[in-house]
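One letter stands for each residue in the lines below.
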Amino acid sequence: MALEMFRKEETLAMRKKLIGQSCRLFYSDDPVKIVRARGQYLYDENGKRYLDCISNVQHVGHCHPSITQAATTQMELLNANSRFLHDNIVQYADRLAATLPDKLRVFYFVNSGSEANDLALRLAHQYTQHEDVIVLDHAYHGHLTSLIDISPYKFQKLTGQKEWVHVAPIPDTYRGIFREDHPNPAQAYADTVKDVIDKVHQKGRKVSAFFSESLPSVGGQILLPKGYSTKVAEYVRSAGGVFVADEVQTGFGRVGSHFWAFQLQGDDFSPDIVTMGKPMGNGHPLSCVATTAEIAGAFTANGVEYFNTFGGNPVSCAIGLAVLDVIEKEDLRGNSSRVGGHLLDRLRQLQTKHPIIGDVRGVGLFVGLEMVTDKEQRTPATDAAAQVVRRLKEEYICVSTDGPWENIVKFKPPMCFSMEDADLVADRIHHILTAWNRTWVCSDTSSLRCSASDRCATTICRLNMVKL
């Protein structure tokens, strides 16, 4: 029997009453009520269709028929505690192993990216018998207490940094300490990690792990310089630690050219632990930790049994297998390369026309458009980025922002995103920015290079602009 459909206002009122207010909605000032979805499209209660540019959880597309069929078929047959012997979990682990470096052959299935990263932290501590962890600035690895402690994005707003947590600079070649004109940014940024390790040792402490997203997302859609991870892994392993690659946002072919984003670092690079989540189940709660036999052996040797009641259950693994099938059969990695490349090209064309676009970066369907008020100073245009998000919503396109200053419009759509979708997004952004240039002039000519009679095409500054 279908559930009663509330009016949007009723739903919102009930949510405010019943759901914790820290659980924020997209477009919190005027939320979109989504009642159904298919592919890369969302539909509200009035049947309006929105282009979804941010649902990287629904990896192969919303409500993909192959995924829903796999879930239904297995659910009708069996779903049970994962401690019963069953084929699905070993078949799925075997399929995942074929995508990973040879040394990563032991799997632990869990239910969320946070759970995976928490387990990775436990594995690292047990294997190394050390405590200290190195993370990148503005990193986010999950919402469990253990992960808040290693997520500067969160702990800087809460209880602060623990003595066993150490923060290295994020390798951002656009606005970081070593930029695109540096002769070897990979080595330079890796050396900052070496400096952190040296300071850890000076305090009489030892390194357990280096945690990093393979492509930092919350940190601003950052592309790590090639060779960075290889050199960092060398330093960390020499200090007795392990390298943990967080692929919760970027795994399963999002980068197009490779199945895992850490593979962008080169064929000779392999992490010691890989965590995965969001896209695995296409919306179903499914995640995993992959590691080496040596690390897994140390975890077993502690004598404490590890089990996860739901992680790796027959339904979850049936869905996971179906996701892998769809990625392959529909050539979604190829689609990611082609469409993502086209989107990057279109956005870079806009960059030459609109000075407010400071940088365009990405790979596959992992793309960021960084907005600035001054191209030379690279001053974050936080308010302008928020306005772009709001205006695109009015055009029935869903995007959001990221980065330390929330000035980066990010794109991580379902992998079935099309060329037409990419063109629509680029055209709408061009329309929005062009309209701004035509309808706003500077009210403080002393501070800008233009005069009040000119259309201001050099900057968008909310404090100094007035509408005609």
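Residues numbered from 1 in each chain as written. Predicted model: local features only at pLDDT ≥ 70, side-chain atom pairs only at ≥ 80, totals over all residues. Heavy atoms only, no water.

### Regarding the packing of aromatic side chains
1) Next: A full pass over the atoms with the stated rule returns 15 aromatic pairs.
2) Next: Between Phe243 and Phe269, the ring centres sit 5.1 Å apart and the planes meet at 80°, which makes this aromatic pair edge-to-face. With Phe243 in strand β8 (residues 242–246) and Phe269 in the loop between β8 and β9 (273–276), the pair connects residues that are 26 residues apart, well separated along the chain. The residues Phe243 and Phe269 share a single accessibility class, namely buried.
3) Next: Geometrically, the ring pair formed by Phe252 and Trp260 is edge-to-face, given 4.9 Å between the ring centres and 65° between the ring planes.
4) Next: By the ring-pair criterion, three or more aromatic residues cluster together here, those being Phe210, Phe243, Phe262 and Phe269. (Phe/Tyr/Trp six-rings, centres within 6.5 Å; stacked < 30°, edge-to-face > 60°. Helix = DSSP H or I, 4+ residues; strand = E, 2+ residues; numbered from the N terminus. Buried < 20%, exposed > 50% of the residue type's maximum accessible area, 1.4 Å probe, protein only.)

### Describing the confidence of the model for the protein
1) Next: Summary statistics for the protein give a mean pLDDT of 93 and a share of 93% for residues scoring 70 or more.
2) Next: Predicted confidence is poor over residues 440–468, with pLDDT under 50, and the contacts of this stretch with residues over four places away or in other chains come to 50 contacts. (pLDDT = per-residue confidence, 0-100. Contact = heavy atoms within 4.5 Å.)

### Digging into the nonpolar core
1) Next: Counting residues in each nonpolar core, the largest one holds 95 residues, and the members touching the most others are Tyr92, Leu96, Tyr228, Phe252, Met276, Met371 and Phe411.
2) Next: In terms of residues, this core owes the most to one element, helix α10 (residues 314–329), which gives nine residues.
3) Next: Apart from residues lying up to four places away in sequence, Phe411 is in contact with Cys53, Gln221, Leu343, Leu347, Leu365, Phe366, Val367, Leu369, Val399, Val425 and Ile429.
4) Next: Membership of the second largest hydrophobic core comes to 24 residues, among which are Ala120, Ala124, Leu147 and Val165. (Core = buried A, V, L, I, M, F, W, Y, C linked by side-chain atoms within 4.5 Å.)

### Overview of the pairing of strand β7 (residues 207–213)
1) Next: When you tally the buried positions in β7, you get seven out of seven residues, the bulk of the element.
2) Next: In the classification by handedness, the crossover that spans β7, the intervening helix α8 (residues 228–238) and the parallel β8 is right-handed. (Right-handed = clockwise from strand over helix to strand, strands pointing away.)

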